[in-house]
Amino acid sequence: MEDNNNNNKRSEGGLFGRPDEESREQSERENEAQDQAIENRQDKPSYYYSYGPYKSQQPEPYSGGERENAAEPTEVEMTTPRPVKPYSGPETRQTVPSGSWQVSHKPKRGGRLKSGFAAFLAGAVVVGGLMFASDKANLFTPNQGALEGSSSKPSAAASSNAAAQSAAWDMKRPDNIAELAQTSGPAVVKVETYVTKQAGRSSNPLLNDPFFRQFFGDGGGNGGGGGGNGGGGSSQAPKQEAGLGTGFIFEKSGYILTNEHVVDGADEIQVTVQGYDEPFKAKLLGSSYDLDLAVLKIENSKDLPYLPMASSKDISVGDWVVAIGNPYGFDHTVTVGVLSAKDREISIDDSKGTRNYKSLLQTDASINPGNSGGPLLNLNGEVVGINTAVSSEAQGIGFAISTDTVQNVIDNLKNGVEIPKAPTPFMGVSLADINPNYLKDLGIDSAEGAIVADVQMGSPAFKAGVKQNDVIQTLNGEKIKNSSAIVSKVQAMKVGDKVKLGIVRDGKKMDIEVTIGNKNATSQNQQNSNQ
C-alpha cells in the first residue's frame, strides 16, 4: 500500500513535475523556518504574561502510537521579548550603551545625604546671620522699655505706646547702680555709740527686749545705757561700745540724720566719714522718740559730701530703690530692691513705751541690723526714706520713714526744739464689756454697749460729768455693741469734735456731750503739774 502511495506521488510528480518541485521546496523552506524558530525559542528565554487562573501547558502523555497530525508542526505565536538591561560591572558602568538601549545611572545614596546636609548647613548659616543682624539693629524690640537709663519713672513716650506694645515687658535691672553707689556712698556715715561703764548701770534697757530686736535688729538697741541710775562716775571711766548704726549727711556743713533708737542713751557718739582716717565726735542736736528721728552735727573745716532729699510722694510702688548702710559692721553695703508699698503703719513696744509709725515705706531691698538710719535712695540718688525697721521673721519686709515726715520736723530737730507729739483723740475713760449677770443691777435689759470702769481725772469725760459704772449704749445716736466699738469711733475723730453719749445711770437714761481732747497734751499738763 505504501508502494501504491509512492507510485501515486511519483505519478503526480510526473504529470506535474515543475509544480510539485516548487511545492516541495516551499514546504522545505517552511520546515526550516519552523525548525529555526524552535531552536531560537530553546536558545533564548521567552517572556509572556498570563491572565486568569494558572493552567498547565504540558501535552498529554504519549501512549506509544503515532500522534495525530505528527507531521504537521504546531503553530506558535511568538511575542518579541522586552529589552533587558544588561548587567555592567564597575569597569563598564561609565560606558555608553550601543544602539537603542538606554541605561539610567542612579546617583549614589551617600551623595544625596551629603547634598542635603550641605543645604541644611547653608540654611542655618543664613538664618543665623539674619537673626544676628536683626538683634544688632534692634528690629523686633520696642525703642523704650518699662525702665530705661537712670530715670525712676517710664518716659511719656513709653506710656503713650503702652497700649500698642506687649504687656509682657522684659524688665531689666537699672544699669546705674554702680555709679549711684560711688556718688552717694561718701555721704553715708557709720554711727557708733558708747556708754560710760559704771557700777550699777545697765548697758541698755532695750538689750533685753526681744520684740525690739525683732524689728530693729540692732544688737539689742544701738543706744547706750538709757540714762542709768548709778552715781556720778569719773570722766576717766572707760567707755564700752553700745551699738552700731548708719546715718547720712544732708547738709554740707555737717548735719547728719539718723534714727533716734540708734543714739538713744549714748554718752558719746562717733561718726566715721568715708575718706577720713579718724572718726568725728558728733553732737546730738535733737531727737524724737515718737518719730524715731535724730539730728547730729559734726565739725569740719571743709565742706562734706551730702545727699539731697526728694518728696516720697514722687516715688511709686514698684520703682527701684537702693539702700546703703553698715549691716553687721560691713561698711557701705549696697542693696537693691523695689518699693513694695506706701503708707504702712506699725507699732513697736519697747521698755520706754510704744512707737506708732505712720506713713512708712515698705521695701524688699535687703535691710539688716546696722542699716537703721541709712538712706533709701531713688535712682536719681535722692533720699526718699530713712531705713528704720525690719521684721526678722520674714524676708524682704523692711520699712523706712518717708522724707515727707522728716521735712516737716527737720528744722525743729536741728535747733533742738522739742517736737510736739501728734494729737491723739480721747475721752479719758476706761471701758469694759457688760456682764449679762449684772443687767438687773445696772437697770438695763441688754448686754449691748459698754460700762465705764474708770474716769481719768481732768479728762474731757470727767469735765463732762461721766461717772464710773455709767453704761454707754449709744454714740451720736448709734447703738454700740461693745467697748471696742466706742474706742474705734473715738480714734477716728479729731481733737475738738463733740460726741453725744447715750448713758444709763441707775436705770435712768440721759445724754451727755463730751468734747474730744488731746491725750498727749493732757498727759503733758499732768506731768508739769506733778513737777
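A few words on the overall build of the chain. Looking only at helices and strands, the chain features 13 helices and 20 strands. Looking at the chain residue by residue over its 531 residues, the buried ones come to 34%. Element-wise, carbon and sulfur atoms account for 49% of the exposed surface of the chain, whose accessible area totals about 34200 Å².

Scanning the entire structure with this criterion turns up seven salt bridges. The partner of Asp 331 in a salt bridge is Lys 190, with the nearest N and O atoms 3.4 Å apart. Residue Asp 331 is located in the loop between strand S7 (320-325) and strand S8 (333-350), and its partner Lys 190 is located in strand S1 (residues 188-196); the two are separated by 141 residues in the primary sequence. Close ionic contact of Glu 299 with Lys 297 constitutes a salt bridge, the shortest N to O distance being 3.3 Å.

Turning our attention to the environment of Gly 373. Relative to the assigned elements, Gly 373 resides in the loop between strand S9 (353-363) and strand S10 (375-377). Ignoring sequence-local partners within four residues, the contact set of Gly 373 consists of Thr 246, Gly 247, Phe 248, Leu 257, Thr 258, Asn 259, Ile 386 and Asn 387.

Let us look at the sheet that holds strand S2 (residues 239-251). In space, the six strands of this closed barrel follow the order S1-S2-S3-S6-S5-S4, with antiparallel pairing throughout. Across the sheet, the mean angle separating the axes of adjacent strands is 40° when strand polarity is ignored.

Further remarks concern the side chain of Asn 518. Structurally, Asn 518 can be placed in strand S20 (residues 517-518). Judged by relative accessible area, which is 19%, Asn 518 ranks as buried. One polar contact links the side chain of Asn 518 to the main-chain amide nitrogen of Thr 424, over a distance of 3.0 Å. With residues up to four places along the chain from it excluded, the contact list for Asn 518 reads Ala 422, Pro 423, Thr 424, Phe 426 and Val 495.

The six strands are arranged S7-S8-S9-S12-S11-S10 in a closed barrel whose pairing can be described as antiparallel. Adjacent strand axes in the sheet meet at a mean angle of 50° when their direction is disregarded. As paired strands, S7 and S8 are joined by six bridges and run antiparallel to one another. For Val 321, the partnering residue across the bridge sits in S8 and is Gly 337.

According to the stated counting rule, one finds two aromatic pairs in the structure shown. Between Phe 250 and Tyr 255 the ring centres are 6.1 Å apart and the planes differ by 40°, which places this aromatic pair in the tilted class. Look at Tyr 276 and Phe 280: their rings are 5.2 Å apart centre to centre, the planes differ by 70°, and that puts the pair in the edge-to-face class. The class for Tyr 276 is partly exposed, based on a relative accessible area of 30%. A residue is classified by how much of its surface remains accessible, and Phe 280, at 12% relative accessible area, is buried. Its guanidinium or amino end placed over the ring of Tyr 255, Lys 297 lies 5.3 Å from that ring's centre, counting from NZ or CZ. Above the face of the Tyr 255 ring, Lys 414 is positioned so that its terminal group lies 4.7 Å from the ring centre.

As a further point, take helix H12 (residues 483-491). Quick reminder: α-helices carry 3.6 residues per turn. Residues three or four places apart thus point the same way. Along H12, the residues that are buried comprise Ser 483, Ile 486 and Val 490. Along the axis of H12, the buried positions cluster into a sector of 60°, meaning they face one direction only. Residues of H12 that are buried in the fold lie against strand S13 (425-426), strand S14 (429-432), strand S15 (450-455) and strand S16 (471-475).

Of all nine residues making up S1, nine are buried, and the element is well covered by its neighbours. Neither face of S1 is left uncovered, since the one carrying Val 188, Lys 190, Glu 192, Tyr 194 and Thr 196 and the one carrying Val 189, Val 191, Thr 193 and Val 195 both have all their residues buried. Two elements, S1 and S2, share nine bridges in a ladder whose sense is antiparallel. Its bridge partner being in S2, Val 189 is matched across the sheet by Gly 247. Bridge analysis of S1 against strand S4 (residues 268-272) gives five bridges, and the strand direction is antiparallel. Residue Tyr 194 lies in a different strand from S4, and its bridge partner there is Glu 268.

What follows deals with a nonpolar patch on the surface. Together, Phe 117, Phe 120 and Leu 121 make up a nonpolar patch on the protein surface, roughly 340 Å² of accessible area in all. If you trace the backbone, Phe 120 turns up in helix H3 (residues 109-137).

Moving on to the confidence of the model for the chain. With 64% of its residues at a pLDDT of 70 or more, the chain has an overall mean of 74. This stretch, residues 44-71, has a pLDDT under 50; its non-local contacts, to residues over four places away or in other chains, come to four contacts. Low pLDDT (under 50) marks residues 87-105, which in the prediction has 10 contacts with non-local residues, meaning those over four places away or in another chain.

Unusually for a residue other than glycine, Asp 343 sits at a positive phi of about 60°. With respect to the helices, strands and loops of the structure, Asp 343 is situated in strand S8. Under the relative-accessibility criterion, Asp 343 is labelled exposed at 57%. Within the chain, Asp 506 stands out as a residue other than glycine whose phi angle is a positive 55°.

Reading the values: the criteria
Residues numbered from 1 in each chain as written. Predicted model: local features only at pLDDT ≥ 70, side-chain atom pairs only at ≥ 80, totals over all residues. Heavy atoms only, no water. Helix = DSSP H or I, 4+ residues; strand = E, 2+ residues; numbered from the N terminus. Buried < 20%, exposed > 50% of the residue type's maximum accessible area, 1.4 Å probe, protein only. Areas by Shrake-Rupley, 256 points an atom, 1.4 Å probe, with all protein chains shown as cover. Salt bridge = Lys/Arg side-chain N within 4 Å of Asp/Glu carboxyl O. Contact = heavy atoms within 4.5 Å. Pairing = 2+ DSSP bridges. Axes fitted to C-alpha atoms, helices over the stretch in contact; angles between N-to-C directions. Polar contact = N/O pair within 3.5 Å; in protein donor to acceptor, adjacent residues only side chain to side chain. Phe/Tyr/Trp six-rings, centres within 6.5 Å; stacked < 30°, edge-to-face > 60°. Lys NZ or Arg CZ within 6 Å of the ring centre and 35° of its normal. Arc of directions from axis to C-beta. Patch = residues over 30% accessible without salt bridge, like charges linked within 9 Å, V, L, I, M, F, W, Y side chains within 5 Å. pLDDT = per-residue confidence, 0-100.

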